[in-house]
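Residue-level listing of the chains:
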Amino acid sequence: MKGSFLKKLVIIFLVFVGLGALLKMSGDFFGSEDKRVTAKNTILHLEMNGVILNGKKFIKNLKKYRDDDKVKAILISINSPGGSVGPSQEMFAEIKRVRDEIKKPVVCVSTGVMASGAYYAAVACDKIVVAPGALVGSIGVIMEFANLEKLYDWAKISRYSITSGKFKDSGAEYRPMREDERSLFQSMIDEVYAQFKGTVAEERKLKEEVVAEYADGRVFTGATAVKVGFADKVGYYDDAVKLAAEIAKLGDNYDVFEVPKKKVSIFDLGGGDTEDDLNSMAEFADVLKGKSFGADMEGAMKYILRAKYLNQPLMLMPGYWE
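Here's what I pulled together on the structure shown here. Every value quoted in this text rests on a predicted model; they were computed, and no experiment measured them.

**A word on the overall build of the protein**
Right, on to step 1. On a plain count of helices and strands, the protein comes out with 11 helices and 11 strands.
Right, on to step 2. Of all 322 residues assigned to the protein, the portion counted as buried reaches 42%.
Right, on to step 3. Residue pairs in contact within the protein that sit at least 24 positions apart in sequence constitute 75% of those at least 6 positions apart.
Right, on to step 4. With an accessible surface of roughly 18000 Å², the protein has 56% of that area assigned to carbon and sulfur atoms.

This is how it looks when you write it as structure tokens:
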């Protein structure tokens, strides 16, 4: 009897998930999330928050609204320590396209963290506004590895691989790294690092020797960033809004358009289109705050070991970020 009841609950759950997926595809039966720009003079406000893993949602929203004739300027609020190299460069490219091809001013503002890959994206903006105590910079590239050889020995686990070439398992956690592998990864880091420095020098109109002096991974305050040329103005959100309006020559006649946030519900379980936005660690936060580990043990271990970031070049300020 008990087993039959559980089966019925599972069937009912699956039916609701399936209906949710169908309703999402048919245009959100329970209320559309789409919101249109209505004011003639509008400043589009976007957010770049958390660790950058792919930036798909940010780019999607930017592309969705940037061509609207009523959008006269774009303001991007940033609170991010950076992240993966490719997505950071992609966001930079899309912001730069708005500035250079669509000819709409873009202003970035940070009152928290604008570091590494997030700073890489920000230099595409016409102007960068930062709070005096914001953390800015961390220009550099990092690649992390974990050697768990002794842990496997303790657990009496033997791991090995069969590869097509000597570099195919480079960075594997079950053995020490060879010197030729270390040289290979260092050359990769050096290449991406040169791209980072070159982009900052070009976009910020700074001499290469000036960038080289500060591009050693250090983080500086917003006030120092303005002083040495890595940001344009000390200020806050309202100051950035006014600056965007000023560049777009809107006077006081404008509205700020907030992109509606997606409401997640049980129906999203069947949608198959959930996006890994900039915030990478929220999914494991509850696990690490003392709640039940259960099926999330693997996720918790990935968080503890930073396995999500291992073996890939990152423009990420060191630390643990949720």
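Next comes the rest of the write-up.
**Details of the environment of E144**
Right, on to step 1. Summarising the element assignment, E144 is placed in the loop between β7 (135-137) and α5 (149-154).
Right, on to step 2. Taking the C-alpha atoms as reference points, E144 and L314, 170 residues apart in sequence, are found 8.7 Å from one another.

**Observations regarding the sheet that holds strand β4 (residues 106-110)**
Right, on to step 1. Spatially, 6 strands are ordered β9-β6-β4-β2-β1-β10 in an open sheet, and the strand pairing comes out parallel. With partners counted over all chains shown, the strands left at the sheet margins are β9 (233-234) and β10 (255-258), one partner each.
Right, on to step 2. Both strand β2 (residues 71-79) and β4 contribute to a ladder of 4 bridges, which runs parallel. Residue pairing in the sheet places L75 in a bridge with V107 of β4.
Right, on to step 3. Together, β1 (42-49), β2 and β4 form the strand contacts of helix α3 (residues 85-100), whose direction differs from that of β4 by roughly 135°.

**Side note on the packing of aromatic side chains**
Right, on to step 1. Taken as a whole and assessed by the stated rule, the structure comprises 8 aromatic pairs.
Right, on to step 2. Here the aromatic rings of F92 and Y120 are separated by 5.4 Å at their centres, their planes lie at 80°, and the arrangement is edge-to-face. Of the two residues, F92 sits in helix α3 while Y120 sits in helix α4 (residues 117-122), which places them 28 residues apart along the sequence.
Right, on to step 3. Owing to a relative accessible area of 10%, F92 belongs among the buried residues under this scheme.
Right, on to step 4. Relative to F196, the ring of Y120 lies with its centre 5.0 Å away and its plane at 55°, an arrangement referred to as tilted. Taken together, the positions of Y120 in helix α4 and F196 in helix α6 (residues 179-204) put the pair 76 residues apart, joining distant regions of the chain.
Right, on to step 5. Judged by relative accessible area, F196 falls into the buried class, the value being 0%.
Right, on to step 6. Feature note: the residues Y119, Y214, F220 and F230 constitute an aromatic cluster, connected by ring pairs.

Criteria and thresholds
- Residues numbered from 1 in each chain as written.
- Predicted model: local features only at pLDDT ≥ 70, side-chain atom pairs only at ≥ 80, totals over all residues.
- Heavy atoms only, no water.
- Helix = DSSP H or I, 4+ residues; strand = E, 2+ residues; numbered from the N terminus.
- Buried < 20%, exposed > 50% of the residue type's maximum accessible area, 1.4 Å probe, protein only.
- Contact = heavy atoms within 4.5 Å.
- Areas by Shrake-Rupley, 256 points an atom, 1.4 Å probe, with all protein chains shown as cover.
- Pairing = 2+ DSSP bridges.
- Axes fitted to C-alpha atoms, helices over the stretch in contact; angles between N-to-C directions.
- Phe/Tyr/Trp six-rings, centres within 6.5 Å; stacked < 30°, edge-to-face > 60°.

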